[in-house]
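Chain by chain, the residues:
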Amino acid sequence: MKDLNSKNIIMGLQHTFVMFGATVLVPLITGLDVGVTLFAAGVGTLLFHILTKFQVPVFLGSSFAFIPGIIAVATAEGGSLPEALGGIFLAGILYIIVAIIFRFVKVEVLHKILPPHVTGPMIVLIGLILAPVAINNANGTYAAGIVGKIGVNGCWGIALFTFVVAVFVKIYLAKLGFKFLSMLPVLIALIAGYIFSIILGIVDFTIIKESAWFGLPKFSLPVFSIRSMSIIVPIAIVTIVEHFGDVLAIGNVVGKDFISKPGIHRTLIGDGLATSLSALIGGPANTTYSENTGAVALTGIYNPLIMRIAAIFAIILSFVPKFTSIISTIPGPVIGGISILLFGMISSIGIKNMVDHKVNFTNPKILMISAAMLVLGLGGAKLIIGNFELSGLGLAAIIGILMNAILGSKEPE
């Protein structure tokens with residue numbers, strides 16, 4: 001634990017702030033408990049690090065992909081949130097089964113299935129698919145009350161102020177002799193944006209006043225049914241594909257091949273066990289986070305210990321409703337301003353991945369594979385079979401893999 005020092009603790013706190021917004025949004029939308037979600041995310045992250053031999057700088061947060069399934073089961077006749085949790089638990093088991101299968105697949109085969117001209121567009125899509133979320137936060141789409149007070153342009157003003165602070169901290173503070181502070185662009189930008197929002201009078205402190213200093217998360221047990229299994233488990237097929245993209249993306253940021261070492265089977269098992277454990281105590285599915293990749297790329301902090309510190313903070317915060325309420329009052333435009341950087345970083349990593357591997361876009365086969373993936377991933381295409389829906393990154397990735405297998409990537413004769 002030689003790296004456990006005050007600087008790393010502060011950076012871990014920064015990472016908690018980055019992960020917090022998206023992590024608690026899932027329980028706020030679905031009705032699950034925020035405290036349980038934070039507790040499950042923290043414990044799940046620590047479990048993931050143990051299973052991946054403490055090598056992968058990842059924080060696990062609640063998965064957005066399962067939101068439609070949770071709502072569908074919970075609102076169905078006779079349905080409930082515990083029933084949805086039963087489906088999430090089984091989805092985690094599917095992760096583990098797939099991981100065991102991949103344990104016996106050679107790494108060379110995986111890289112042949114997922115060459116740079118397929119993985120590159122996958123990583124680009126992760127960032128671009130999230131881009132509307134950043135913009136909708138920045139322009140106040142998710143905060144009608146704030147728009148009513150300062151208008152759309154006012155929201156953009158806050159977002160751009162936050163954005164500029166992050167850029168200034170990252171690029172110029174090191175030149176001014178503040179090297180450590182330059183590693184905290186997200187935390188400093190969020191604090192600056194929050195203070196600016198308070199000055200403008202758009203922060204509502206009511207929820208902070210009403211929240212207790214200490215409170216136990218509302219743990220609950222899952223209920224199993226055929227209905228929840230049929231609706232929620234198929235979603236795991238999509239998130240498993242997305243898992244590949246996230247692991248590839250963080251590997252490209254760090255400059256390591258995590259598919260090979262510690263192995264995709266280990267990361268999948270970590271994700272699956274964290275998801276099943278979360279469902280057992282009343283939390284949503286856990287997943288490798290795209291925000292995590294953006295934060296790592298922006299801050300340049302690759303030490304996995306930082307993510308474990310963030311996980312411990314998440315566990316502690318799950319018992320402090322007062323502090324979680326403070327975080328939840330950060331206005332959407334502030335989140336949007338920093339998200340523009342975080343999500344843009346992810347797409348830039350995908351481009352860098354293809355540049356580094358010298359992907360030949362004069363080859364029409366490669367060009368068509370990338371073209372199809374980008375349009376299908378961003379265009380809203382969907383494949384619906386019964387309760388199973390494939391769209392976005394999942395659909396684009398599978399089409400890219402199939403096209404690569406059929407067409408190959410060799411130059412045409």
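Structure: see above.
**Section: the overall build of the protein chain**
Then, in step 1: Within the protein chain one finds 18 helices and four strands.
Then, in step 2: For 413 residues, the compact-globule estimate of 2.2 N^0.38 gives 22 Å, and the C-alpha radius of gyration of the protein chain, at 21 Å, lies within 12% of that figure.
Then, in step 3: Structurally, the protein chain occupies a C-alpha span of about 65 × 60 × 50 Å along its principal axes.
Then, in step 4: Burial statistics for the protein chain: of 413 residues in total, 52% are counted as buried.
Then, in step 5: For the protein chain, contacts bridging at least 24 residues in sequence account for 82% of all contacts bridging at least 6.
Then, in step 6: Total accessible area computed for the protein chain in this model is approximately 17800 Å², and 71% of it derives from carbon and sulfur atoms.
Then, in step 7: The positive charge centre, built from 23 side chains, and the negative charge centre, built from 16, are 10 Å apart in the protein chain.

**A word on the pattern of salt bridges**
Then, in step 1: One pass over the full model with this rule turns up two salt bridges.
Then, in step 2: One salt bridge in this structure joins Glu83 and Arg227, with 2.9 Å as the shortest N-O distance. Here Glu83, found in helix H4 (residues 81–102), pairs with Arg227, found in helix H10 (residues 226–232); they are 144 residues apart in sequence, far enough to count as distant.
Then, in step 3: Taking relative accessible area as the criterion, Arg227 reaches 29% and is therefore assigned partly exposed.
Then, in step 4: Notably, a salt bridge pairs Asp356 with Lys352, separated by 2.7 Å at the nearest N-O pair. With Asp356 and Lys352 both in helix H16 (residues 332–356), this residue pair falls four residues apart, about one helical turn.
Then, in step 5: Judged by its relative accessible area of 46%, Asp356 falls in the partly exposed class.
Then, in step 6: On the basis of relative accessible area, Lys352 is assigned to the partly exposed category, the value being 45%.

**Some details on helix H8 (residues 185–200)**
Every α-helix carries 3.6 residues per turn, so stepping three or four residues along brings you back to the same face.
Then, in step 1: The first and last C-alpha atoms of H8 sit 22 Å apart over 16 residues, in line with the 22 Å expected at 1.5 Å per residue.
Then, in step 2: When H8 is considered as a whole, its buried residues turn out to be Pro185, Val186, Leu187, Ala189, Leu190, Ala192, Gly193, Tyr194 and Ser197.
Then, in step 3: After H8 finishes, the residue Gly201 shows a positive phi value of roughly 75 degrees.

**Notes on helix H2 (residues 34–51)**
Then, in step 1: End to end, H2 covers 25 Å across 18 residues, agreeing with the expected 26 Å (1.5 Å per residue, within 8%).
Then, in step 2: Taken together, the buried positions of H2 are occupied by Gly35, Val36, Thr37, Leu38, Ala40, Ala41, Gly42, Gly44, Thr45, Phe48 and His49.
Then, in step 3: Where H2 starts, the residue carrying a side-chain oxygen 3.1 Å from the main-chain nitrogen of Gly35 turns out to be Asp33.
Then, in step 4: The positive-phi residue at the C-terminal boundary of H2 is Lys53, with phi of around 60 degrees.

**A word on the side chain of Lys322**
Then, in step 1: Structurally, the position occupied by Lys322 is in helix H15 (residues 321–328).
Then, in step 2: Taking relative accessible area as the criterion, Lys322 reaches 11% and is therefore assigned buried.
Then, in step 3: Ignoring any residue separated from it by four or fewer positions in sequence, one finds Lys322 in contact with Ile208, Lys209, Ser211, Ala212 and Trp213.

**Re the packing of helix H6 (residues 116–138) against helix H18 (residues 392–407)**
Then, in step 1: Axis separation between H6 and H18 bottoms out at 10 Å; the angle between their running directions is 165 degrees. One finds that H6 runs roughly antiparallel with respect to H18. The chirality of how H6 crosses H18 is right-handed. Of H18, the residues touching H6 (which contributes His117, Val118, Met122, Leu125, Ile126 and Ile129) are Gly392, Leu393, Ala396, Ala397, Gly400, Ile401 and Asn404.
Then, in step 2: In terms of residue class, the contact of H6 with H18 is made up of nine nonpolar, four polar and no charged.

**Brief notes about the environment of Met122**
Then, in step 1: As for its position among the elements, Met122 is in helix H6.
Then, in step 2: With relative accessibility at 1%, the residue Met122 sits in the buried group.
Then, in step 3: Along the primary structure Met122 and Ile384 are separated by 262 residues, whereas in three dimensions their C-alpha atoms are 21 Å apart.
Then, in step 4: Dropping the residues within four chain positions of it, Met122 is found in contact with Leu114, Val241, Phe244, Gly245, Met373, Leu393 and Ala397.

**A short note on the environment of Val147**
Then, in step 1: Take Val147: it is sitting in helix H7 (residues 144–172).
Then, in step 2: According to the relative accessible area criterion, Val147 is partly exposed, its value standing at 24%.
Then, in step 3: Filtering out sequence-adjacent residues up to four positions away, Val147 remains in contact with Asn139, Gly140, Val152 and Cys155.

**Some thoughts on the packing of aromatic side chains**
Then, in step 1: Within the structure shown, the criterion is met by six aromatic pairs.
Then, in step 2: Seen from their ring centres, Phe161 and Phe196 are 4.7 Å apart, and the 45 degrees between their planes marks the pair as tilted. One end of the pair, Phe161, is in helix H7; the other, Phe196, is in helix H8, with 35 residues separating them in the sequence.
Then, in step 3: Phe161 gets classed as partly exposed once you look at its relative accessible area, which sits at 32%.

**Comments concerning the packing of H7 against H8**
Then, in step 1: Two elements in contact, H7 and H8, have axes separated by 8 Å at closest approach and are oriented at 145 degrees. Of the two elements, H7 crosses H8, and the hand of that crossing is right-handed. Note on element contacts: H8 touches H7 through Pro185, Ile188, Ala189, Ala192, Gly193, Phe196, Ser197 and Leu200, opposite Gly157, Ile158, Phe161, Thr162, Val165, Ala166, Val169 and Lys170.
Then, in step 2: Here the contact of H7 with H8 is built from residues that sort into 11 nonpolar, four polar and one charged.

**Here we look at the side chain of Thr37**
Then, in step 1: Topologically, Thr37 is positioned in helix H2.
Then, in step 2: There is a polar contact of 2.8 Å between the side chain of Thr37 and the backbone oxygen of Asp33.
Then, in step 3: With residues up to four places along the chain from it excluded, the contact list for Thr37 reads Thr23, Pro27, Ser62 and Pro284.

Calculation rules
Residues numbered from 1 in each chain as written. Predicted model: local features only at pLDDT ≥ 70, side-chain atom pairs only at ≥ 80, totals over all residues. Heavy atoms only, no water. Helix = DSSP H or I, 4+ residues; strand = E, 2+ residues; numbered from the N terminus. Rg over C-alpha atoms; globule rule 2.2 N^0.38 Å. Buried < 20%, exposed > 50% of the residue type's maximum accessible area, 1.4 Å probe, protein only. Contact = heavy atoms within 4.5 Å. Areas by Shrake-Rupley, 256 points an atom, 1.4 Å probe, with all protein chains shown as cover. Lys, Arg positive; Asp, Glu negative; His and termini not counted. Charge placed at Lys NZ, Arg CZ, Asp CG, Glu CD. Salt bridge = Lys/Arg side-chain N within 4 Å of Asp/Glu carboxyl O. Expected span 1.5 Å × (residues − 1). Polar contact = N/O pair within 3.5 Å; in protein donor to acceptor, adjacent residues only side chain to side chain. Axes fitted to C-alpha atoms, helices over the stretch in contact; angles between N-to-C directions. Parallel < 35°, antiparallel > 145°, perpendicular 65-115°, else oblique. Left-handed = near helix turned anticlockwise from the far one by under 90°. Nonpolar A, V, L, I, M, F, W, Y, C, P; charged D, E, K, R; others polar. Phe/Tyr/Trp six-rings, centres within 6.5 Å; stacked < 30°, edge-to-face > 60°.

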